[in-house]
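Observations on the model geometry
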Amino acid sequence: MGAKLLNFLALALVLFSSALTAQQTDPVSVTVRVTDPTGNGVPHAQLRVIPAPDAASKLETDEQGKLTLDLKPGGYAIFVRAPGFKTADTHLDVLNADLPHSDSHASKPAQTFGIKLEIGPTGSPIVNPVSSKGGLLVSAYPYHDPIGFSLAELKAMPHVTAVFHNTHTNADETYSGIRLSDLLGKVGAPLGPELRGEALTNFVVAGGADGYQAVLALAEVDPAFHPGDVLVADTMNGKPLDEHAGPLKLVVTEDKRPARSVRNLTHIELKLFP
């Protein structure tokens, strides 16, 4: 009898612990209010929450600048973007509030967080890629505001050399340029040990002045993750790229065809999978 009683008590303890753990991970209603420097709500601000909520969809504030989410207790990174304002990021700690004793099925009390945006220096952090002709625009929302690099700035950056076999001409081409991962690192892209989990769904869109675009997985760009090189090249066979290909060109050395070799490269954009 004593052994059976001990087994029963042990089982009861496991079930009680499981129920307690489940209760502690119940979602909490969280309201995020995004405001301008005067305290007025910012409508239609776009939010990115990491880790993402279970039922994540398009996260956007309402007309009062508010967005209500059901989040499990824990820490979250929040990125906020709105036209005319600087991109903001902050950390939220969602607390595990106790259930009301009067009703075990009642939802947990709401928690409210305020995020104040700063006015952008140019009125909007969103830049038209065409305006960067003659240089390169690199954007990586929500990690960083877009950065434009002039040709002189790119030329001064560390270069690497890589050989690409062009099947169209059946000839080897030697390119010199900046690793795309180095440029994405300047806008806070998750690379190296940070490239894991949800970040592996990120992808890069490279566009040329003629509207041609190509897509790469972010993992293809990271030399610590994938073989070969992805370069923003400015010379081929020791000479500056001509008007047909340059002044900048995307080169993906592991590709068997040059379909993703974007000529007249003007912009690079890191995107998050919806």
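All residue numbers refer to positions counted from 1 along the written sequence of the respective chain. Given that the model is predicted, a residue must reach a pLDDT of at least 70 before its local features are reported, and side-chain atom pairs must reach 80 or more before they are shown or counted; all residues, however, enter totals for whole chains, interfaces and linings. Note that water and hydrogens are dropped before the side-chain values are worked out from all heavy atoms of the structure.

Moving on to the environment of Asp36. By the element assignment, Asp36 lies in the loop between strand 1 (28–35) and strand 2 (46–50). Asp36 sits in the buried class, given a relative accessible area of 16%. Note: C-alpha distance between Asp36 and Phe85 (49 residues apart in sequence) is 8.3 Å. Whether two residues are in contact is decided by their heavy atoms: any pair within 4.5 Å suffices. Sequence-distant contacts of Asp36, that is, excluding residues within four places in its chain, are made with Val42, Phe85, Lys116 and Leu117. For the purposes of this entry, the term helix denotes a DSSP run of H or I that reaches at least four residues, the term strand denotes a run of E that reaches at least two, and both are numbered from the N terminus. Summary of the burial criterion: residues with accessible area below 20% of their type's maximum are buried, those above 50% are exposed, and those between are partly exposed, where the area comes from a 1.4 Å probe applied to protein chains only.

Before going further, it helps to examine the pairing of strand 10 (residues 171–179). Relative to strand 10, strand 9 (residues 160–166) is paired through 7 bridges, and the arrangement is antiparallel. Considered in strand 10, the bridge of Thr161 is made with Ser176. For two strands to count as paired, DSSP must find a minimum of two bridges between them. What sits between strand 9 and strand 10 in their antiparallel hairpin is a turn of 4 residues, with Asn170 showing a positive phi close to 55°. For strand 10 and strand 13 (residues 230–236), the ladder comprises 5 bridges, and the chain directions are antiparallel. What sits directly across from Ser176, in strand 13, is Thr235.

Before going further, it helps to examine the environment of Phe203. Within the secondary structure layout, Phe203 lies in strand 11 (residues 203–208). Through-space distance from the C-alpha of Phe203 to that of Val221 is 9.3 Å; in sequence the pair is 18 residues apart.

This part takes up the side chain of Asp36. Charged residues are defined here as Lys and Arg on the positive side and Asp and Glu on the negative side; His and the ends of the chain fall outside this count. Salt bridge criterion: a side-chain nitrogen from Lys or Arg within 4 Å of a carboxyl oxygen from Asp or Glu. Lys116 provides the closest opposite charge to the buried, salt-bridge-free Asp36, at an N-O distance of 7.5 Å. As used in this structure description, the phrase polar contact means that two N or O atoms lie within 3.5 Å; if the pair is within protein, one of them must be able to donate a hydrogen and the other to accept it, and residues adjacent in sequence are counted only when both atoms belong to side chains. A polar contact is formed between the side chain of Asp36 and the side chain of Thr38, at a distance of 2.6 Å.

A word on the sheet that holds strand 1. Spatially, 3-1-6 is the arrangement adopted by the 3 strands of the open sheet, whose pairing is mixed. Looking at strand neighbours, the two that pair on one side only are strand 3 (66–71) and strand 6 (111–116), the edges of this open sheet. Averaged over all pairs of adjacent strands, the angle between strand axes in this sheet comes to 25°, irrespective of strand direction. One ladder, built from 6 bridges, connects strand 1 with strand 6; its direction is parallel. From the neighbouring strand, Thr31 faces strand 6, where its bridge partner is Thr112. For every element, the axis is a line fit to its C-alpha atoms; helices are fit only across the contacting stretch, and the angle between N-to-C directions ranges from 0 to 180 degrees.

Regular strands have side chains that alternate between both faces of the sheet. Burial analysis of strand 7 (residues 135–140) places 6 of its 6 residues in the buried class, which makes it a mostly covered element. Alternating positions in strand 7 separate into two faces, Gly135, Leu137 and Ser139 on one and Leu136, Val138 and Ala140 on the other, with burial throughout. As consecutive antiparallel partners, strand 7 and strand 8 (residues 144–150) are separated by 3 residues.

Before going further, it helps to spend a moment on the sheet that holds strand 11. Taken in spatial order, the 5 strands line up as 8-7-16-11-12 in an open sheet, and their pairing is mixed. Only two strands of the sheet have a single neighbouring strand rather than two, namely strand 8 and strand 12 (213–217). Mean inter-strand twist for the sheet, computed between neighbouring axes without regard to direction, equals 15°.

A separate point is the pattern of salt bridges. This structure, assessed with the given rule, holds 6 salt bridges. For Glu220, the salt bridge identified is with Arg260, shortest N-O distance 3.0 Å. Remark: Arg260 occurs in the loop between strand 15 (249–252) and strand 16 (265–271) and Glu220 occurs in helix 4 (residues 218–221); sequence separation between them is 40 residues. Judged by relative accessible area, Glu220 falls into the partly exposed class, the value being 22%. Given a relative accessible area of 19%, Arg260 falls into the buried group. Close ionic contact of Asp255 with Arg260 constitutes a salt bridge, the shortest N to O distance being 2.7 Å. When sorted by exposure, Asp255 lands in the same class as Arg260, which is buried.

Here we come to the confidence of the model for the protein chain. Per-residue pLDDT for the protein chain averages 80, and the proportion of residues at 70 or more is 79%. Within a predicted model, pLDDT stands for the predictor's per-residue confidence, ranging from 0 to 100. Considering only residues more than four positions removed or in separate chains, one finds that residues 99–108, a stretch of pLDDT under 50, has 14 contacts. Here residues 122–133 is a poorly scored stretch, pLDDT under 50, and it has 17 contacts once near neighbours within four places are set aside; other chains count.

Looking now at unusual backbone geometry. Gly246 connects to Pro247 through a cis peptide bond whose omega is 15°. Following the sequence through the fold, Pro247 ends up in the loop between strand 14 (239–240) and strand 15. Non-glycine residue Asn264 carries a positive phi angle of around 50°. Structurally, the position occupied by Asn264 is in the loop between strand 15 and strand 16.

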